[in-house]
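# Topology and contacts: notes
Each chain, written out:
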Amino acid sequence: MRGGGRGGLGAHGAVFAPVERRARVDTVVSRIGDAIELGLLADGEQLPGESELAGRLGVSTVTLREALMALRQQGLVTTRRGRGGGSFVSRPEAPEQQRLLDRLRDWSSTELRDLGDHWAALSGTAARLAADRTEPGDLRRLERTAEELAGAADGAAHSRVYGRFHVELAAAAQSARLTRAQVALQTEIGALLCLVLGDDAYREEVADLHRAVVRAVQDGAPDPARTLAERCVEESAGRLAALRLTL
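Residues numbered from 1 in each chain as written. Predicted model: local features only at pLDDT ≥ 70, side-chain atom pairs only at ≥ 80, totals over all residues. Heavy atoms only, no water.

Turning next to the overall build of the chain. When its secondary structure is counted, the chain shows twelve helices and two strands. Along the chain direction, N to C, the helices and strands of the chain fall in the order α-α-α-α-β-β-α-α-α-α-α-α-α-α. Taken against the 2.2 N^0.38 rule, which gives 18 Å for 247 residues, the C-alpha radius of gyration of the chain at 18 Å falls within 12% of a compact globule. Across its three principal directions, the C-alpha atoms of the chain cover 50 × 50 × 35 Å. Here the analysis covers contacts within the chain between residues at least 6 apart in sequence; of these, 76% occur between residues at least 24 apart. Total accessible area on the chain stands at roughly 11900 Å², and carbon and sulfur atoms take up 47% of it. A gap of 6 Å separates the mean positions of the 33 positive and 35 negative side-chain charges of the chain. (Helix = DSSP H or I, 4+ residues; strand = E, 2+ residues; numbered from the N terminus. Rg over C-alpha atoms; globule rule 2.2 N^0.38 Å. Contact = heavy atoms within 4.5 Å. Areas by Shrake-Rupley, 256 points an atom, 1.4 Å probe, with all protein chains shown as cover. Lys, Arg positive; Asp, Glu negative; His and termini not counted. Charge placed at Lys NZ, Arg CZ, Asp CG, Glu CD.)

Okay, here's the thing in structure tokens:
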């Protein structure tokens, strides 16, 4: 039976959902930092005030302040004082292609295969659950992200939009654990997708697959939604693995 609209919270809302009670400063840093790297939090976006953000994350203000200090040291957050001040997202520059190739070289073929299996399992399950649980009105963010890929300005934007689609898909499944797992996976591998999304024809193929996933979810068709999501991921992981063999 399909759900009643809770999926409208979306991946952006999941960024500020309470962290686990045992979480330390590094957990908050990872949560917010990963969201910035992936583009779930926009460059220049103002974060909630300290008291509100600490409350939403379920941590003390002392923990939050330490996390914000670490994020500032990493260049992911800037703080402005005075009227109109606060903490603002500062997205880092896109990594250079050679650095991405060096990162890809660090992955073995077996590791890339395992990554593809894990990614397909996450996205396939998310698509199946989203088709069962969401109403059409819950999918606006997912639809918008699916349409953004073709018009993304550069390789870094292509990979961010691609990764955000799969995070939004997990959010549409109304599963906080799946969403967190997808965010973690995308921050681990997402930037490398720049290396395969530079092919215009392939990028359009991915965009078509994303649209097909959305349609299957809208139609409440869990098996086709899962199959399409898995196919999209498996093809991308396969292209990365093939490129790795040439290095």
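Moving on: the pattern of salt bridges. In the structure shown here, the tally under the stated rule is eleven salt bridges. A salt bridge links Glu-50 to Arg-65; the shortest N-O distance between them is 2.7 Å. In this pair, Glu-50 is assigned in helix H3 (residues 50–57) and Arg-65 in helix H4 (residues 61–73), connecting sequence segments 15 residues apart. Overall, Arg-65 belongs to the partly exposed group, its relative accessible area being 46%. Each of the salt bridges in this network shares a partner with another, and the network as a whole consists of Glu-147, Glu-204, Asp-208 and Arg-211. (Salt bridge = Lys/Arg side-chain N within 4 Å of Asp/Glu carboxyl O. Buried < 20%, exposed > 50% of the residue type's maximum accessible area, 1.4 Å probe, protein only.)

Of the strand pairs in this sheet, strand E1 (residues 77–80) and strand E2 (residues 86–89) are connected by four bridges, and their pairing is antiparallel. What sits directly across from Val-77, in E2, is Val-89. (Pairing = 2+ DSSP bridges.)

This next bit is on the environment of Leu-185. Note on placement: Leu-185 falls in helix H9 (residues 176–189). Considering only alpha carbons, one finds Leu-185 and Ala-121, 64 residues apart in sequence, at a separation of 12 Å. Residues in contact with Leu-185, not counting those within four places in the same chain, are Leu-115, His-118, Trp-119, Leu-122 and Gly-190.

Here the focus is the confidence of the model for the chain. Across the chain, the average pLDDT comes to 86, with 92% of residues at or above 70. Mean pLDDT per element in the chain: helix H1 (residues 10–15) is the minimum at 69, and helix H12 (residues 222–245) is the maximum at 96. (pLDDT = per-residue confidence, 0-100.)

Okay, the nonpolar core next. One recurring pattern in soluble globular proteins is that nonpolar side chains are buried together. Ranked by size, the top nonpolar core spans 49 residues in total, and within it Leu-169 and Leu-192 carry the most contacts. When residues in this core are grouped by element, the largest group, ten residues, is from helix H6 (residues 109–133). Beyond its immediate stretch of four places on either side in the chain, Leu-192 contacts Leu-100, Arg-103, Leu-104, Trp-107 and Leu-240. Ala-11, Phe-16, Leu-41 and Ala-171 belong to the second-largest nonpolar core, a separate cluster that totals 28 residues. (Core = buried A, V, L, I, M, F, W, Y, C linked by side-chain atoms within 4.5 Å.)

This next bit is on the packing of H6 against H12. Contact geometry for H6 and H12: axes closest at 7 Å, N-to-C directions at 160 degrees. Our classification of the angle between H6 and H12 gives roughly antiparallel. Our pair here, H6 against H12, has a crossing hand that is right-handed. Considering only residue class, the contact of H6 with H12 consists of 13 nonpolar, five polar and six charged. (Axes fitted to C-alpha atoms, helices over the stretch in contact; angles between N-to-C directions. Parallel < 35°, antiparallel > 145°, perpendicular 65-115°, else oblique. Left-handed = near helix turned anticlockwise from the far one by under 90°. Nonpolar A, V, L, I, M, F, W, Y, C, P; charged D, E, K, R; others polar.)

Here we come to the side chain of Ser-123. With respect to the helices, strands and loops of the structure, Ser-123 is situated in helix H6. Looking at Ser-123, its side chain comes within polar contact range of the side chain of His-166, at 2.9 Å. (Polar contact = N/O pair within 3.5 Å; in protein donor to acceptor, adjacent residues only side chain to side chain.)

On to helix H7 (residues 140–151), then. Across its twelve residues, H7 extends 18 Å between first and last C-alpha, which sits within 8% of the 16 Å expected from 1.5 Å per residue. On its buried face, H7 is in contact with helix H8 (155–172) and helix H11 (200–218). (Expected span 1.5 Å × (residues − 1).)

In this section: unusual backbone geometry. We note that Gln-174 has phi near 60 degrees; this positive angle belongs to a residue other than glycine. The residue Gln-174 is located in the loop between H8 and H9 in this model.

On to H4. Owing to its 3.6 residues per turn, the α-helix brings residues three or four apart onto one side. The end-to-end C-alpha distance of H4, which contains 13 residues, comes to 18 Å, matching closely the 18 Å that a straight helix rising 1.5 Å per residue would cover. Among the residues of H4, Thr-63, Leu-64, Ala-67, Leu-68, Ala-70 and Leu-71 are the ones counted as buried. Mapping the buried residues of H4 onto a view down its axis gives an arc of 160 degrees, with all of them on the same face. In H4, those exposed residues whose orientation departs by more than 90 degrees from the buried face are Val-62 and Gln-73. Tucked into the core, H4 has its buried residues touching helix H2 (25–38), H3, E1 and E2. Count one or two residues on from H4 and you reach Gly-75, which has phi positive near 75 degrees. (Arc of directions from axis to C-beta.)

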